[in-house]
Amino acid sequence: MEGGVIMKKKFSHSLRESLKLQYGKLPSAEVVARNFNLRAHGTTPVTQESVRRWMRGESFPKPDHLIVLVQWLHLNLNEIYDDGIHRESACQSEQRQGNACDVAISNGACKLINEIKHKIDPE
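Bear in mind that the values here come from a model prediction, so they are computed numbers and not experimental data. (Residues numbered from 1 in each chain as written. Predicted model: local features only at pLDDT ≥ 70, side-chain atom pairs only at ≥ 80, totals over all residues. Heavy atoms only, no water.)

## With respect to the overall build of the protein
- When its secondary structure is counted, the protein shows seven helices and zero strands.
- The N-to-C order of helical and strand elements in the protein reads α-α-α-α-α-α-α.
- Across the 123 residues that make up the protein, the buried fraction comes to 38%. (Helix = DSSP H or I, 4+ residues; strand = E, 2+ residues; numbered from the N terminus. Buried < 20%, exposed > 50% of the residue type's maximum accessible area, 1.4 Å probe, protein only.)

Okay, structure coming up:
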């Protein structure tokens with residue numbers, strides 16, 4: 001399985017589990033989109049279809065949307081990004097494999113996780 005696909009699946013799993021904890025069951029995409037948009041000040045609203053794709057592991061949210069999700073649902077970024085210890089070597093490994101799309105996703109993920117952590121907890 002390619003790195004981008006793995007990351008999307010991990011994100012999907014983490015999102016679904018966090019939603020179950022928040023709502024007691026897996027809510028519909030409509031409920032998630034509505035509640036997301038109520039919290040997403042300064043970002044573009046999301047559609048039900050975007051939420052469905054996140055929940056199915058078909059796509060990954062934009063950085064500003066991911067920040068909202070992390071803050072709202074307390075998503076564990078280390079789960080999504082292969083634990084902080086292995087993240088850097090995973091990115092380098094993906095670069096060697098040469099799949100341009102997955103390399104871009106992986107490189108973006110490495111930068112993104114640092115940006116999100118800084119925005120959430122600037123220290």
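## Brief notes about unusual backbone geometry
- Despite not being glycine, H74 has its phi angle at roughly 55 degrees, a positive value.
- Here H74 lies in the loop between α4 (63–73) and α5 (77–80).
- On the basis of relative accessibility, which here comes to 63%, the residue H74 falls in the exposed class.

## Brief notes about the pattern of salt bridges
- In this structure the tally under the stated criterion is three salt bridges.
- For E17, the salt bridge goes to K20, with nearest N and O atoms at 3.4 Å. One end of the pair is E17 and the other is K20, both in helix α1 (residues 3–23) and three residues apart, which spans about a single turn.
- On the accessibility criterion, K20 (37% relative accessible area) is partly exposed.
- Measuring nitrogen to oxygen at the nearest pair gives 3.1 Å for the salt bridge that ties R52 to E49. On the criterion of helical spacing, the pair formed by R52 and E49 is a turn pair, its members being three residues apart in helix α3 (residues 48–56).
- On the basis of relative accessible area, R52 is assigned to the partly exposed category, the value being 29%.
- The class of E49 is partly exposed, set by a relative accessible area of 38%. (Salt bridge = Lys/Arg side-chain N within 4 Å of Asp/Glu carboxyl O.)

## Points about the nonpolar core
- By size, the foremost hydrophobic cluster in this structure holds 23 residues, and its most contacted members are F11, L15, F36, V51, W54, L69 and L73.
- Those elements giving two or more residues to this core turn out to be α1, α2 (29–39), α3, α4 and α5.
- With six residues, α4 is the single largest residue contributor to this core. (Core = buried A, V, L, I, M, F, W, Y, C linked by side-chain atoms within 4.5 Å.)

## Structural notes on the environment of L66
- With respect to the helices, strands and loops of the structure, L66 is situated in helix α4.
- Look at L66 and you get buried, because its relative accessible area is 0%.

## What to know about the packing of α2 against α3
- Put simply, α2 and α3 touch, their axes get as near as 8 Å, and they point 110 degrees apart. With respect to each other, α2 and α3 are oriented roughly perpendicular. The crossing of α2 and α3 is right-handed. Two secondary-structure elements touch here, α2 through A29, E30, V32, A33 and F36 and α3 through Q48, V51, R52 and W54.
- Among the residues forming the contact of α2 with α3, the class breakdown is six nonpolar, one polar and two charged. (Axes fitted to C-alpha atoms, helices over the stretch in contact; angles between N-to-C directions. Parallel < 35°, antiparallel > 145°, perpendicular 65-115°, else oblique. Left-handed = near helix turned anticlockwise from the far one by under 90°. Contact = heavy atoms within 4.5 Å. Nonpolar A, V, L, I, M, F, W, Y, C, P; charged D, E, K, R; others polar.)

Interpretation in functional terms is not warranted from these geometric data alone.
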